[in-house]
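Close look at the chain arrangement
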Amino acid sequence: MLTDIKSQTAEELQATLQAWGQPQYRAAQLLEWLYVHRVTGWDAMKNLPRSLRQQLGENYTNYALELVKVQGAEDTTRKFLWRLSDHSLIESVLIPANPALYGEPSDRHTLCVSTQVGCAYGCKFCASGLDGLKRNLRPEEIVDQVLAVGRISPESRVLSPESDDRLHSGLRTQDSGPRTPRLIDNIVMMGMGEPLANYDNLLRALRILNAPWGGGIGARKITISTSGLAPQIRKLAEEPLQFRLAVSLHGATDEVRNRIMPINHKYPLRELAAACEFYQQKNGRKITFEYILIAEVNDGLDQIKPLAALAKRLNAKVNLIPYNRVEGLPWERPSDAAQEAFLEALEKQKVVATLRREKGHDIAAACGQLRLKTERELQTQ
């Protein structure tokens, strides 16, 4: 099986091209075609010699996701369903920012990216793991979710070379034409799968997406989510790039987490909190607790004091997310009044907290739902 070109670093490609007797600037031209113009065919790389394009095609694949469906929500959230080369399905979700959620202008976008086909961790409220784990995504399959959304989105209008500020790494070329801007401002690894269970492929993909020659997205604009893999959190703390960490907490006591998150039996809150403390000691970055509010499960005011104590201990922000109902599961979203009461009680404890308002609820934007529905429809045909 050939290596995919989008799984390679600039240094690796430069070494290969040098071994092929190519001048040094060919690497810059190649990277610009891949990550600025986002092309998926060798023949589109017009300023590369035909012989080099042929050699690239003989030695590398240039992977591109196949778009199966797009769903749009009233709040302009969009969900993309992609087909992989083995016909597996994954999802990405493009979310518009708003001041209440991100504190940034509403013209900014966050992409929620998948890291696995399915999930092995079996959170009771989640659609991603209903059919278990099929496999890890390869680095290029993670990277291309970002590039593919940029390729098909109308917001990615063409800019002139003079107005493009993305290439500050000395990789600019003179003859490759107009450039397209970056549509995606932030990446959250919160799609299908447990990101830290695919650690090596995840980190390689994120280094490519972070690099100025690649995605050009700053490490502080990239958030890695985990359901609570304590050893991998400690490993992540040692990484030189300071990615943000979000913990899918969803319960402030072991009793609640044990009920809905099997991972808590292996890494209970005591061990998870210690790993998060280690992460903070290493890089000083604020952690976010993702807390999906589920009616009569974790939305009671009895959860406020333990949640506030944990958040203050770790200097963590709490992001409250009303549950997106999943067909076939018994859980329900709390009433608007219950959501607001939970937020107000948490803020009274001097905890920094936000309540995510409607984001894709009308298109079932929780990751895994569209994929699961489509797979089951295909099975009945």
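In what follows, the accompanying structure is described. What you are looking at is a predicted structure, and each value in this text was computed from that prediction instead of being measured. (Residues numbered from 1 in each chain as written. Predicted model: local features only at pLDDT ≥ 70, side-chain atom pairs only at ≥ 80, totals over all residues. Heavy atoms only, no water.)

A look at the sheet that holds strand β4 (residues 78-83)
Applicable threshold: Here a strand pair is declared whenever DSSP counts at least two bridges between the two strands. To qualify as a helix, a DSSP run of H or I must reach at least 4 residues; to qualify as a strand, a run of E must reach at least 2; elements of each kind are numbered from the N terminus. For helices, the axis comes from a line fit to the C-alpha atoms of the stretch in contact; other axes are also lines fit to C-alpha atoms, and the angle between any two N-to-C directions lies between 0 and 180 degrees.
Spatially, 10 strands are ordered β3-β4-β5-β6-β9-β10-β11-β12-β13-β14 in an open sheet, and the strand pairing comes out mixed. One side of each edge strand has no neighbouring strand; the edge strands of this open sheet are β3 (66-72) and β14 (353-355). The sheet shows a mean angle of 20 degrees between the axes of neighbouring strands, taken without regard to direction. Sheet topology places strand β10 (residues 222-226) next to strand β11 (residues 244-248); four bridges connect them, and they run parallel.

So, helix α11 (residues 304-313)
Rules: Accessible area is worked out with a 1.4 Å probe on protein chains only. A residue is then buried under 20% of its type maximum, exposed over 50%, and partly exposed in between. Each C-beta atom gives one direction from the helix axis, and the arc is the one those directions make. By definition, residues are in contact when any of their heavy atoms lie within 4.5 Å.
Listed in full, the buried residues belonging to α11 are Ile-304, Leu-307, Ala-308, Leu-310 and Ala-311. Viewed along the axis of α11, the buried residues span an arc of 165 degrees, placing them on a single side of the element. Elements that come into contact with the buried residues of α11 comprise α10 (269-283), β12 (288-293), β13 (317-322) and α12 (336-348). Asn-315, located one to two residues past α11, shows a positive phi value of around 50 degrees.

Focus on the packing of α11 against α12
Under the convention used in this document: Our angle categories are set so that under 35 degrees counts as roughly parallel, over 145 as roughly antiparallel, 65 to 115 as roughly perpendicular, and the remainder as oblique. Note on convention: the crossing is left-handed when the near helix lies turned anticlockwise from the far helix by less than a right angle, right-handed when the turn is clockwise. Charged means Asp, Glu, Lys or Arg here, nonpolar means Ala, Val, Leu, Ile, Met, Phe, Trp, Tyr, Cys or Pro, and polar covers whatever is left, Gly included.
Packing of α11 against α12 brings their axes to within 10 Å, and their N-to-C directions diverge by 50 degrees. Of the possible angle classes, the one that applies to α11 and α12 is oblique. Every pair of crossing elements has a handedness; the one defined by α11 and α12 is right-handed. For the pair α11 and α12, contact is made by Ile-304, Leu-307 and Ala-308 and by Phe-342, Ala-345 and Leu-346, respectively. Of the residues that constitute the contact of α11 with α12, the class distribution is six nonpolar, no polar and no charged.

So, the pattern of salt bridges
Going by this rule: Counted as salt bridges are all cases of a side-chain nitrogen of Lys or Arg within 4 Å of a carboxyl oxygen of Asp or Glu.
The final tally for this structure, using the stated rule, is 16 salt bridges. One salt bridge connects Glu-141 with Arg-135, and the closest N-O pair in it is separated by 2.9 Å. Take Arg-135: its relative accessible area is 19%, and that puts it in the buried class. Its salt-bridge partner being Arg-313, residue Glu-277 comes within 3.1 Å of it at the nearest N-O pair.

Here's the deal with the nonpolar core
Operational definition: Residues belong to a common nonpolar core when they are buried Ala, Val, Leu, Ile, Met, Phe, Trp, Tyr or Cys residues joined through side-chain atoms within 4.5 Å.
Leu-30, Phe-125, Ile-187, Phe-289, Val-318, Leu-320 and Leu-346 are the most contacted members of the largest nonpolar core, which has 105 residues in total. If you tally residues by element for this core, the top one is helix α6 (residues 199-210), at seven residues. Residues contacting Val-318, with those up to four places away along its chain left out, are Phe-289, Tyr-291, Leu-307, Ala-311, Leu-346, Val-351, Val-352, Ala-353 and Thr-354.

Comments concerning the packing of aromatic side chains
Condition: The aromatic pairing rule takes the rings of Phe, Tyr and Trp, using the six-membered ring of Trp, and pairs them if the centres are within 6.5 Å, calling planes under 30 degrees apart stacked, those over 60 edge-to-face and the rest tilted. Here, a charge over a ring is recorded when the distance from Lys NZ or Arg CZ to the ring centre is within 6 Å and its angle to the ring normal is within 35 degrees.
Summed over the entire model, instances satisfying the criterion amount to four aromatic pairs. Look at Phe-80 and Trp-82: their rings are 5.6 Å apart centre to centre, the planes differ by 10 degrees, and that puts the pair in the stacked class. Just as Phe-80 is buried, Trp-82 falls in that class too. Over the aromatic face of Tyr-63 sits the side chain of Arg-138, whose NZ or CZ is 5.9 Å from the ring centroid.

Some remarks on the packing of helix α7 (residues 230-237) against α10
Viewed as axis vectors pointing N to C, α7 and α10 meet at an angle of 5 degrees, and their least axial separation amounts to 8 Å. By the angle class used here, α7 and α10 are roughly parallel. When α7 is examined against α10, the residues Ala-230, Ile-233, Arg-234, Leu-236 and Ala-237 are found in contact with a partner set consisting of Glu-271, Leu-272, Ala-274, Ala-275, Cys-276, Phe-278, Tyr-279 and Lys-282. Looking at the contact of α7 with α10, its residues break down into 10 nonpolar, no polar and three charged.

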